[in-house]
Amino acid sequence: MTGLRRWGVTTAMVGREDEQAELVAFVKSATGQALVLRGETGVGKSSLLGHAAALAEQEGHVVIRAAGVEAESELPYAGLHQFLHPLLADVARLDDGTRAVFDAVFRGVPGDPPSVMTLGIAVLSLLSLSAAQRPLLLVLDDGQWLDDSSADVCGFVGRRLAGSPAKMLVAVRTDLTSRFDTAALPELPIAALADEDAARLLDHRYPHLSRQVRRTVLEQARGNPLALLELPAHLAGRTGDLPAEELIAQHGVPLPRRLQRLYGARIAGLAEPVRSELLRGALDGAGTPSGTDTVPGTRYRMRDADPAVAAGLLDIDVVTGDLVFRHPLVRSAVVQMATPNQRRAAHLALAHVHRENLERRATHLAAATVDPDEDVAGVLEAAAESATRRGGALAAVAWLTRAAELSENRTGRSRRLADAAFVAAHAARLGQAHRLVQADLAPGSAESPASVLAAAYQALYQDGDVRSTHRQVSAAIEKLRDAGTASGSAEPEEVLTRLVILLLAISQYSGDRAVWESTRALLDSLGALVTERVRLYSGTWSDVTRHGAGWAEPLRRTAADLSDLDPWDITRHATAAYHLDILSHYRPHLQRVVDRELETGAVATGMVMLHQIMLDQMTVGEWAQAEETGQRGLDLATEHGHHLFAAQSRAYLAQLAALRGQFGQARDLQAEVDAWARPRGLGFLTQVADSAGATAALSSGDYETAYLYAIGITQPGTFRPYAYQASRTLLDLVEAAQHTGRVEQARAHALAARDAGLPSVSPRLGLITHGALAMTAENEREAAEMFARAESHPDAARFPFELARIRLAHGIRVRHVQGPTAARRYVVPAAEAFERLGAAGWTERARAELRATGAPPRASTPNLASLTWQERRIAELAAGGLTNKEIGERMHLSPRTVSSHLYRVFPKLGITARAALRDALSRTDALGRTDVAQV
């Protein structure tokens, strides 16, 4: 399966016919796309990349190769620089704004570090420009070692290559996590070779093995091509490495580790100067294949290491003549076998080699230095400043922290720790910033409850830290309770109440049963110190299925007069109202005051209000307005560094995109939210992400995927405690279960909703509970009765999407039992509602059902709800007479991107020419106002 060397043209490809066919189709595809090859170490990913690269060159592509290197994984944008260096000459042909982005990242020109989106758009523009004459293929090996900044940009770009002349091919290992795991890019799994193919490869390479050795190799290698090529020499005793009986004894050791040990045995047999040369190369990322070191002079070049070549540890690159590691496992083995003193000596030598490259020199000096050294600390400080200018804030924090450790006096240490905390804060690492500041506090000093409150607010809302903040705030509450200070004066009582409400917010974002039970137990211990308002928040924010009953009426009464409440108290009540599906009572006030709050500095409160307005717009079917509100909230959260709120905005936008059938956008947002929220334990957000996944899958007719997402939130027949989406996704689980033949589970879940008393908790839960009971009814009489209760619910019109789903499902059932004519009464209003809402997938399904009933085809009505906010804005500007270039300048987009948006807008509005935009927008605006009025 392997060729002569990594990136070379392969001489034999055994057992990879299917993978080769996939890569041929990928390379020859007329449109841009990305593909990730995922497999274990040594499975042959690099050979397949080389095969694709050679094929692309034969097809006339420009091929740019890069490789992730562990030694560079902390250097911001090191990988992206590899990829783009051959194209940077074209940057001069880009507009001023795009050039400024590249200058900030790669040239250190002062300016604000660009976001992933800004840099990603700039990279897309560069790729389009560079590939204008010849198509372009970007090939990345060992993507798991790419620095996070580069990987995030590559993921952003990879998801948006459609329609461009550029492609991206990435290989990653399955045993190591990387940013590509959540990049939402198409994947091609590379499995081990089948037994027959493994035997063919072994016999081709080693035709004279004894029967016993051959059998042992096949058993040990388990279809791994690298093992098939490396083990025979050891088992046959040709190299003096580990004996066969020791290899057999290692049967339970993971294969990569066993191969690494084999390489280690060879390394141990080398002379000290050769081992030192290999170590310097390994620590500096040397020895990567030809074509990947696209930036001259950035890596150490090994020399005088012929014995390592003879030992099968290094190869000679046929293009450059450089020494290259045979496999990344060799590099890892070299580093692991070195002593700490040997590694420090190698780093010191490399720091001298890179004396003209500030950041590489700093990296090596940081690892080479043990004792305080002010000169080294100064270099690290300068490197941190450089990294910060280029958007590498996390690397800057690490360098500044290390600089503080190496400072020779307390003044320098304090200043550098303060700088590290400052940068960490701007990088949304408020928990880390707090720890850095705490590290410089005098011994014995204790935090006050107010300082705990301030630190926890920052850590939660700006970094999503629910784990440590829950512990810290709980401890502060217990301390106040035990000291009895809360009952002694008004001030401690106010601090206690604020701490308790913050603890409830932390628990809500965690969405974790253990966290909530701990919180509620602590509240119980406070007795009379807990106010009625706090009890309302606790009951509604936690689990409405078990604790929400009885709170709707107090919330309605409060909504009638909000004049005496502070803005943050209004948003807390509105959050409770959302959980009970009566947020519309608060929305008029929220819309009146949100701009004032944003303008007068209560930005966090204003962002919460935008979330709440968006949620109600989604509920009542104002989806185009909801997208605009959500995007505004996201922009504000991003601008102010409130990363929790930014993730929350993306989660809601993912739900909205899923409802509208914008599956690519929904998947991108869902993956982004999940990747940020899941490691932090933010169950509130991961549940929204899973809900978006279920909605998107249902909309596209992928019921099995929808079911898997739904049961990830709660199992059929129960509502997982403190999982707030458990009751909200009732219809999703029931419909997905029914469509996948899990009729009993669907019925059990509907009955569980009824038995849990959900209809008495909120109007929406009443509607969907009766709808679920109608869908799963065991006889037609019950189905009709439950449907009638759902359709006649006094608040049914406030939930048009849910009502349309219930009508469609009932219409399908009626058609099967009573015939097509009887079904039309339910299907027609469902289809009209879906079309009015802009629910593309559901509209198509309803139209198909209408055709099954024999109803005459109905022409679709252009609707602005089907346009994204960005599409609508572009359409309005184009209707006003602006050119694509002028629109792009206003919206910070390329003219090509504007053209692509208009290409999608025309069919949505039912037009074919730019001149028809003004009339189409006016017509659909009028229709939209009429529809909303009717709802």
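Here the structure is a predicted model, which means the values were calculated and not measured.

The rules behind these values
Residues numbered from 1 in each chain as written. Predicted model: local features only at pLDDT ≥ 70, side-chain atom pairs only at ≥ 80, totals over all residues. Heavy atoms only, no water. Helix = DSSP H or I, 4+ residues; strand = E, 2+ residues; numbered from the N terminus. Buried < 20%, exposed > 50% of the residue type's maximum accessible area, 1.4 Å probe, protein only. Contact = heavy atoms within 4.5 Å. Pairing = 2+ DSSP bridges. Axes fitted to C-alpha atoms, helices over the stretch in contact; angles between N-to-C directions. Phe/Tyr/Trp six-rings, centres within 6.5 Å; stacked < 30°, edge-to-face > 60°. Lys NZ or Arg CZ within 6 Å of the ring centre and 35° of its normal. Core = buried A, V, L, I, M, F, W, Y, C linked by side-chain atoms within 4.5 Å. Salt bridge = Lys/Arg side-chain N within 4 Å of Asp/Glu carboxyl O. Right-handed = clockwise from strand over helix to strand, strands pointing away. 1 Å grid on protein atoms, 1.4 Å probe; cavity = no way out; pocket = protein on both sides within 12 Å on 5 of 7 lines; lining within 4 Å. Points joined across faces, edges and corners; volume = space filled by probe spheres on them. Nonpolar A, V, L, I, M, F, W, Y, C, P; charged D, E, K, R; others polar. Expected span 1.5 Å × (residues − 1). Parallel < 35°, antiparallel > 145°, perpendicular 65-115°, else oblique. Left-handed = near helix turned anticlockwise from the far one by under 90°.

**Q** So what's going on with the overall build of the chain? Which residues, and what values?
**A** Each helix and strand in the chain was counted, giving 47 helices and seven strands. By residue count, 57% of the 935 residues in the chain fall in the buried class. Considering only contacts within the chain whose residues lie at least 6 apart along the sequence, 68% involve residues at least 24 apart.

**Q** Requested: an account of the sheet that holds strand 3 (residues 136–141), with residues and values cited.
**A** On the basis of which strands lie adjacent, the open sheet formed by five strands has the order 2-3-4-1-5 and parallel pairing. Looking at the sheet topology across the chains shown, the edges are occupied by strand 2 (62–67) and strand 5 (187–189). Sheet twist, expressed as the average angle between the axes of neighbouring strands with direction ignored, equals 15 degrees. Sheet analysis places strand 1 (residues 34–39) next to strand 5, joined by three bridges and oriented parallel. Its bridge partner being in strand 5, Arg38 is matched across the sheet by Pro189. Taken strand by strand, helix 1 (residues 17–28) contacts strand 1, strand 3, strand 4 (166–173) and strand 5, and its axis lies near 150 degrees from that of strand 4.

**Q** Could you give an account of the packing of aromatic side chains, naming the residues involved and the relevant values?
**A** Within this structure, the stated rule accounts for twelve aromatic pairs. Measuring from ring centre to ring centre gives 6.0 Å for Phe801 and Phe834, while their planes differ by 65 degrees; the resulting arrangement is edge-to-face. Taken as a pair, Phe801 in helix 41 (residues 800–818) and Phe834 in helix 42 (residues 820–837) lie far apart in primary sequence, 33 residues in all. Judged on exposure class, the residue Phe801 and its partner Phe834 are both buried. Here the aromatic cluster, defined as three or more aromatic residues joined through ring pairs, consists of Tyr509, Tyr578, Phe684 and Tyr724. In this arrangement the basic side chain of Arg160 is found over the ring face of Phe156, its NZ or CZ atom lying 3.8 Å from the centre. The side chain of Arg742 reaches across the aromatic face of Tyr707, ending 3.9 Å from its centre.

**Q** Could you give an account of the nonpolar core, with specific residues and numbers?
**A** Of all hydrophobic cores here, the largest spans 136 residues; its most connected members are Leu460, Val473, Ile477, Tyr509, Tyr586, Leu685 and Phe834. When residues of this core are assigned to their parent elements, the largest contribution, eleven residues, is made by helix 23 (residues 490–510). Formed by 41 residues, the second largest nonpolar core is a distinct cluster that contains Ala227, Leu231, Leu262 and Leu270.

**Q** Could you give me a rundown of the pattern of salt bridges, with the residues and numbers involved?
**A** Counted according to the given criterion, the structure contains 49 salt bridges. One salt bridge in this structure joins Asp181 and Arg38, with 2.8 Å as the shortest N-O distance. Of this pair, Asp181 sits in the loop between strand 4 and strand 5 while Arg38 is found in strand 1, placing the two residues 143 residues apart along the sequence. The shortest N-O distance in the salt bridge between Arg680 and Asp463 comes to 3.5 Å. Of this pair, Arg680 sits in the loop between helix 33 (663–677) and helix 34 (683–700) while Asp463 sits in helix 21 (residues 449–463), placing them 217 residues apart in sequence. In terms of burial, Arg680 and Asp463 fall into one category: buried. Bridged by salt links that share partners, the residues Glu230, Arg266, Asp315 and Arg326 form one connected network.

**Q** Account for the pairing of strand 3, with residues named and values stated.
**A** On a regular strand, each side chain points to the face opposite its neighbour's, so the side chains alternate between the two faces of the sheet. Of all six residues making up strand 3, six are buried, and the element is well covered by its neighbours. A two-sided burial pattern is seen for strand 3, the buried positions comprising Leu136, Leu138 and Leu140 on one face and Leu137, Val139 and Asp141 on the other. Pairing between strand 2 and strand 3: six bridges, direction parallel. Across the sheet, residue Arg65 finds its bridge partner in strand 3, namely Val139. Where strand 3 and strand 4 come together, five bridges link them in parallel fashion. Across the sheet, residue Val139 finds its bridge partner in strand 4, namely Leu169. Between the parallel elements strand 3 and strand 4, the chain passes through helix 6 (residues 148–158) in a crossover that is right-handed.

**Q** Account for empty space enclosed by the protein, with residues named and values stated.
**A** Using the criterion set out here, one finds ten cavities of 30 Å³ or more in the structure. The calculated volume of the largest cavity comes to roughly 400 Å³. Along the walls of the largest cavity sit 21 residues, with Met618, Gln655, Leu659, Arg764 and Glu802 positioned nearest its centre. Where the lining of the largest cavity is concerned, the elements lending two or more residues are helix 30 (603–620), helix 32 (643–659), helix 34, helix 36 (725–728), helix 37 (730–739), helix 39 (763–776) and helix 41. Partitioned by chemical class, the residues of the lining of the largest cavity number ten nonpolar, six polar and five charged. Space inside the second largest cavity adds up to approximately 90 Å³. As for the second largest cavity, its lining consists of 14 residues, of which Val544, His579, Tyr724, Ser727 and Arg728 are closest to the centre. For the lining of the second largest cavity, the elements supplying multiple residues, two or more each, are helix 25 (532–542), helix 26 (544–547), helix 36 and helix 39.

**Q** Explain helix 31 (residues 623–639) to me, and be specific about the residues and the numbers.
**A** For helix 31, with 17 residues, the first-to-last C-alpha span of 24 Å sits near the 24 Å given by 1.5 Å per residue. Among the residues of helix 31, those classed as buried are Trp623, Ala624, Ala626, Glu627, Thr629, Gly630, Gly633, Leu634, Leu636 and Ala637. Looking one or two places after helix 31, you find Gly641, whose phi comes out positive at around 75 degrees.

**Q** Which residues make up unusual backbone geometry, and what values do they have?
**A** Located in the positive-phi region is Asp304, a residue other than glycine, with phi close to 50 degrees. Tracing the backbone through its elements, the reader meets Asp304 in the loop between helix 12 (272–283) and helix 13 (306–310). Look at Asp304 and you get exposed, because its relative accessible area is 67%. A positive phi angle, near 60 degrees, is found at Asp581, a position not held by glycine. Among the structural elements, Asp581 can be located in the loop between helix 28 (567–579) and helix 29 (587–599).

**Q** Explain the packing of helix 37 against helix 41 to me, using residue names and the numbers behind them.
**A** Two numbers describe how helix 37 lies on helix 41: the axes approach to 12 Å, and their chain directions differ by 25 degrees. Relative to helix 41, helix 37 is oriented roughly parallel. In terms of crossing hand, the pair formed by helix 37 and helix 41 is left-handed. The segment helix 37 lies against helix 41, with Leu731, Asp732 and Glu735 engaging Glu802, Arg805 and Ile806.

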